[in-house]
Structure formats: structure tokens, C-alpha cells
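Below, each chain spelled out in residue letters.
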Amino acid sequence: MISKARSVLSASGLALVAWAVLAVAVSSAAGAPSVHLPHSGAYSGLTDDPREITVSVSGESIEFVAFAFNCGEGVGHASVQDIELTKSKRGYKFRLDAHANVTYSDDAYFPDENAAIALSGRFTRSGKRVSGRLHVEAPRCETGPLAWRARRR
């Protein structure tokens, strides 16, 4: 009697474990695609100006973002560093409001300036492309919101 009760309990326990494994497999298959950490390295692309932008990723953070933008008759260049990546359902994202040094291509007439920079973006789920918005507000000029996109080199 006891061994029969044990085998019934063992069979029901195995059925419960099998049902739990099946439920996990079905829920993960029906869910959204997985989000991958962006590959370390450089991502290069263009802003809407169109000017170049470079995003350098290392591990779980962005080492730096270097970009150029139109400013009057010249071109401004700036970079920001150390940006934390945050995982979301749609891909790793980031946001930074900071001040940075801006240099100009016509620096004989305009010296370097300190500018307010707002940068945000999100990597795709695969981590192979990134896009976002950029806004530079310098004493000499203001870009307005610029869309940008880049892909891994």
C-alpha cells in the first residue's frame, strides 16, 4: 500500500514539474525578443545636419559620444563621456544632460565655448544599431533637437 501511494506521489510530482517546465517554455516563446547588451566598440553614423557622430561602447556603459553640428557658417565639435546604459524592453537606453567644451572649425574668429548638451538614445534589441536625439545650446548658436543614428563598424 505504501509503495503504491509513493509511486502515485512520484508520478504526480513529475507531472507537476513537467507542467512547470512547459509553462516557462511557452511564456518565453510567446514573449518579446530578448534584449542583448550592445557590443563593445565604435558605432558611427550621421545626425540630421548631416554631420558625423561616433558612439564608443565598453561593457555596460558608453565611453564617449563625439559629434559635429552646424553652427552658423562653421562646424562645432563636442564630446561627452561616461554614460550609463539602462536595460529596457525595447533595448538598452541612455540619457545625459551635461555641459561640454565646444570647438569650432572657424576658431580664428570664435574661441572654444562651454555648451549645454542634451543627449538621449536607445540601442536596438540586437545591440547592433543605435539612434536618438541631440540638442546643443551654446552661446554662439543652438541646434534645436537633432535626430541621429549609427551602426556598429
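Attention in this report is confined to the structure presented alongside it.

## Examining the pairing of strand β5 (residues 93-104)
- Bridge count between strand β4 (residues 74-84) and β5: 2 bridges; the pairing is antiparallel. Note on β5: the bridge partner recorded for G76 is Y104.

## Considerations on the sheet that holds β4
- Within the closed barrel, the 8 strands sit side by side as β1-β2-β3-β4-β5-β6-β7-β8. Their pairing is antiparallel. Across the sheet, the axes of successive neighbouring strands diverge by a mean angle of 25°, strand direction being ignored.
- The pairing of strand β7 (residues 129-137) with strand β8 (residues 146-152) spans 6 bridges and is antiparallel. Counted as the bridge partner of L134 is L146 from β8.

## Brief notes about the pattern of salt bridges
- By the definition in use, this model includes 3 salt bridges.
- The salt bridge involving R149 is made with D48; its shortest N-O contact spans 3.6 Å. Taken together, the positions of R149 in strand β8 and D48 in the loop between β1 (41-47) and β2 (52-58) put the pair 101 residues apart, joining distant regions of the chain.
- We classify R149 as partly exposed; its relative accessible area is 46%.

## Some remarks on the pairing of β1
- Note: β1 against β2, 6 bridges, orientation antiparallel. From the neighbouring strand, Y43 faces β2, where its bridge partner is V55.
- Linking two consecutive strands that pair antiparallel, namely β1 and β2, is a turn of 4 residues.
- Sheet topology note: the β1/β8 ladder contains 5 bridges and is antiparallel. From the neighbouring strand, Y43 faces β8, where its bridge partner is R152.

## Quick notes on the side chain of T47
- When you line up the elements, T47 lands in strand β1.
- The class of T47 is buried, set by a relative accessible area of 2%.
- Each residue touching T47, except ones within four places of it in the same chain, is listed here: I53, A68, L134, A147 and W148.

Cut-off values and rules
Residues numbered from 1 in each chain as written. Predicted model: local features only at pLDDT ≥ 70, side-chain atom pairs only at ≥ 80, totals over all residues. Heavy atoms only, no water. Pairing = 2+ DSSP bridges. Helix = DSSP H or I, 4+ residues; strand = E, 2+ residues; numbered from the N terminus. Axes fitted to C-alpha atoms, helices over the stretch in contact; angles between N-to-C directions. Salt bridge = Lys/Arg side-chain N within 4 Å of Asp/Glu carboxyl O. Buried < 20%, exposed > 50% of the residue type's maximum accessible area, 1.4 Å probe, protein only. Contact = heavy atoms within 4.5 Å.

No statement about biological role is implied by the geometric values presented.
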